[in-house]
Amino acid sequence: QLVWEAVDNSIDEALGGYCTDVSVTIHPDNSLSVSDNGRGIPVAPHPTEKKSTLEVVMTVLHAGGKFDRNSYKVSGGLHGVGVSCVNAVSRWLVADVKRDGKQYRMRFEQGHAVTPLEEIGPAKDRGTSIHFKPDSEVFGENTIFEWGTIASRLRELSYLNSGVRISLQDLREEGKAEVFFSKEGLAGFVKYLNQGKTLLHPVIHFIKEDPETHISMEVAMQYNDGYDEHVLCFANNIRNRDGGTHLEGYKTALTRELNTYAKNNNLLK
């Protein structure tokens, strides 16, 4: 969950059109870092908290960009508390921010700032890097990151966010790295899920946005000759394991259309 929260912040930047690359690295000491080339978390003094905005975002609940209606049109994660929760349950966390031609750094231990915001040099590019080590006082023995679990979710995110390059590197093993990237979006995801199966037709894929609410929907589907239904359902990149009204509406409409087509063409005995 800590990995997902850090990655979700980078994906939110991608959804806003500010980020094209996300990099996740598992380090030899079982710490983990997530870096992106987004705008970089703001570092200017916070208007009310008398601290840098970076420190507020990292230590105060509900201070994330998801609560500023101007920051993100679409976002996922723990509703603006994600990265401060990650910080709270980490033995240590180092936040690096590159923006406005400068690089800044802050270090936290068990959720508390132990260094002030430091300007550590010039920066040609921009972005945010969050490097943390889970606290064994919170998680006990359960502090070892699993490659397979992380790789599976990052692969999923690359299909859900076409054009975003997501790389995963495990420095605990030499040469263990993978890059996830898809230009086809959900259509590519369906092709991946249907590998090795007998397919009955090409992938049906469409995107629709309501002009008034600006709510958009993307659907990709393809039947194979198997008997088991495999439906994955997401809202704002977050998997809905129990479905929801959007899935029920889709299934109802699909069933209705297939029945109508069959009746109109005298295909039903």
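Our subject is the structure listed above.
Predicted model, so just to flag it, every value in this text is computed and none were measured.

A. Focus on helix H5 (residues 147–160). Its 14 residues place the ends of H5 20 Å apart at the C-alpha level, agreeing with the 20 Å of an ideal helix rising 1.5 Å per residue. For H5, the full list of buried residues reads Trp147, Ile150, Ala151, Arg153, Leu154, Arg155, Glu156, Leu157, Ser158, Tyr159 and Leu160.

B. Expanded view of the environment of Leu232. Mapped onto the fold, Leu232 is located in the loop between strand E11 (216–221) and strand E12 (234–235). Here the alpha-carbon distance between Leu232 and Asn142, two residues 90 residues apart in the chain, equals 28 Å. Leaving out residues up to four positions away in the same chain, Leu232 has contacts with Phe189, Leu193 and Arg239.

C. Structural context of the nonpolar core. Ranked by internal contacts, the top residues of the largest apolar core, which has 37 residues, are Leu32, Phe132 and Leu154. Tallying contributions element by element places helix H1 (residues 2–15) first for this core, with six residues. For Leu154, the residues in contact, after removing those within four places along its chain, are Val7, Val24, Ile166, Leu168 and Phe180. Counting residues in each nonpolar core, the second largest holds seven residues, with Phe189, Val190, Ala220 and Phe234 among its members.

D. Representation of the packing of H5 against helix H6 (residues 186–193) within the structure. At their nearest, the axes of H5 and H6 sit 7 Å apart, and the two run at 135° to each other. Classified by the interaxial angle, the pair formed by H5 and H6 is oblique. For the pair H5 and H6, the contacting residues are Arg155, Glu156, Tyr159 and Leu160 in the first and Leu186, Gly188, Phe189 and Tyr192 in the second. For the contact of H5 with H6, a count of residues per class yields five nonpolar, one polar and two charged.

What counts as what
- Residues numbered from 1 in each chain as written.
- Predicted model: local features only at pLDDT ≥ 70, side-chain atom pairs only at ≥ 80, totals over all residues.
- Heavy atoms only, no water.
- Helix = DSSP H or I, 4+ residues; strand = E, 2+ residues; numbered from the N terminus.
- Expected span 1.5 Å × (residues − 1).
- Buried < 20%, exposed > 50% of the residue type's maximum accessible area, 1.4 Å probe, protein only.
- Contact = heavy atoms within 4.5 Å.
- Core = buried A, V, L, I, M, F, W, Y, C linked by side-chain atoms within 4.5 Å.
- Axes fitted to C-alpha atoms, helices over the stretch in contact; angles between N-to-C directions.
- Parallel < 35°, antiparallel > 145°, perpendicular 65-115°, else oblique.
- Nonpolar A, V, L, I, M, F, W, Y, C, P; charged D, E, K, R; others polar.

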